[in-house]
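# Chains, contacts and geometry: an overview
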Amino acid sequence: MSTRDPRHYDVIVSPIITEKATTASENNQVLFNVRKTATKPQIKDAVEKLFDVKVKAVNTLIRKGKLRRFRGVKGELSDVKKAIVTLEEGHRIDVTTGL
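The chain goes by Large ribosomal subunit protein uL23 in an unreviewed UniProt entry, where it is assigned to Rhodoplanes serenus. UniProt, in the comment section headed Sequence similarities (unreviewed entry), describes the chain in these words: "Belongs to the universal ribosomal protein uL23 family."

Laid out in structure tokens, this is it:
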């Protein structure tokens, strides 16, 4: 078992559990919310060390925050960075069980 560096927990904020993420899991992909300043190599290293899997590729996207109203008060949702992690064949992550 590889060593878990506490910094790896700072890179990955949470797994994304949606219908789209479930569909992506059929293609050996897992979706995570990640820190906005995280780079692809940091995300790859964190996933490999925390879950003991081999990562094939990492794609990232930033969803821009939107203006929302709640009871007449304007507010803005913050920007969110997401990572789509493709795993090598034979490797799986069950995000519902946690670490």
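## Thoughts on the sheet that holds strand β2 (residues 29–34)
In spatial order, the strands read β1-β2-β6-β3; together these 4 strands make up an open sheet with antiparallel pairing. Both edges of this open sheet fall to β1 (12–15) and β3 (55–63), since each of them pairs with a single strand only. Within the sheet, the average angular offset between the axes of one strand and its neighbour, ignoring direction, is 30 degrees. Of the strands in this sheet, β1, β2, β3 and β6 (80–87) touch helix α3 (residues 40–51), which is tilted by about 125 degrees from β3.

## Things to note about the side chain of N28
Relative to the helices and strands, N28 resides in the loop between α2 (19–25) and β2. Here N28 falls in the buried class, since its relative accessible area comes to 12%. One polar contact links the side chain of N28 to the main-chain carbonyl oxygen of E88, over a distance of 2.9 Å. Residues in contact with N28, not counting those within four places in the same chain, are V85, T86, L87, E88, E89, G90, H91 and R92.

## Comments concerning the pattern of salt bridges
Tallying each qualifying case throughout the model produces 3 salt bridges. As a salt-bridge pair, K36 and D79 come within 3.3 Å of each other at their nearest N and O atoms. Pair noted here: K36 is in the loop between β2 and α3 and D79 is in the loop between β5 (73–76) and β6, with a separation of 43 residues, a long-range link. Of the charged contacts, one joins E48 and K54 as a salt bridge, the two residues approaching to 4.0 Å between their closest N and O atoms. For K54, a relative accessible area of 42% corresponds to the partly exposed category.

## What to know about the nonpolar core
Side chains of a nonpolar character, in soluble globular proteins, are inclined to be buried together. Ranked by internal contacts, the top residues of the largest apolar core, which has 17 residues, are I12, F32, I43, V47, V85, L87 and I93. Of all the secondary structure elements, the ones that give two or more residues to this core are β2, α3, β3 and β6. Of all the elements, α3 adds the most residues to this core, at 4 residues. Excluding residues within four positions of it along the chain, I12 makes contact with F32, N33, V34, A46, V47, L50 and F51.

Parameters and conventions
Residues numbered from 1 in each chain as written. Predicted model: local features only at pLDDT ≥ 70, side-chain atom pairs only at ≥ 80, totals over all residues. Heavy atoms only, no water. UniProt positions renumbered as here; feature names shortened; annotations may be inferred. Pairing = 2+ DSSP bridges. Helix = DSSP H or I, 4+ residues; strand = E, 2+ residues; numbered from the N terminus. Axes fitted to C-alpha atoms, helices over the stretch in contact; angles between N-to-C directions. Contact = heavy atoms within 4.5 Å. Buried < 20%, exposed > 50% of the residue type's maximum accessible area, 1.4 Å probe, protein only. Polar contact = N/O pair within 3.5 Å; in protein donor to acceptor, adjacent residues only side chain to side chain. Salt bridge = Lys/Arg side-chain N within 4 Å of Asp/Glu carboxyl O. Core = buried A, V, L, I, M, F, W, Y, C linked by side-chain atoms within 4.5 Å.

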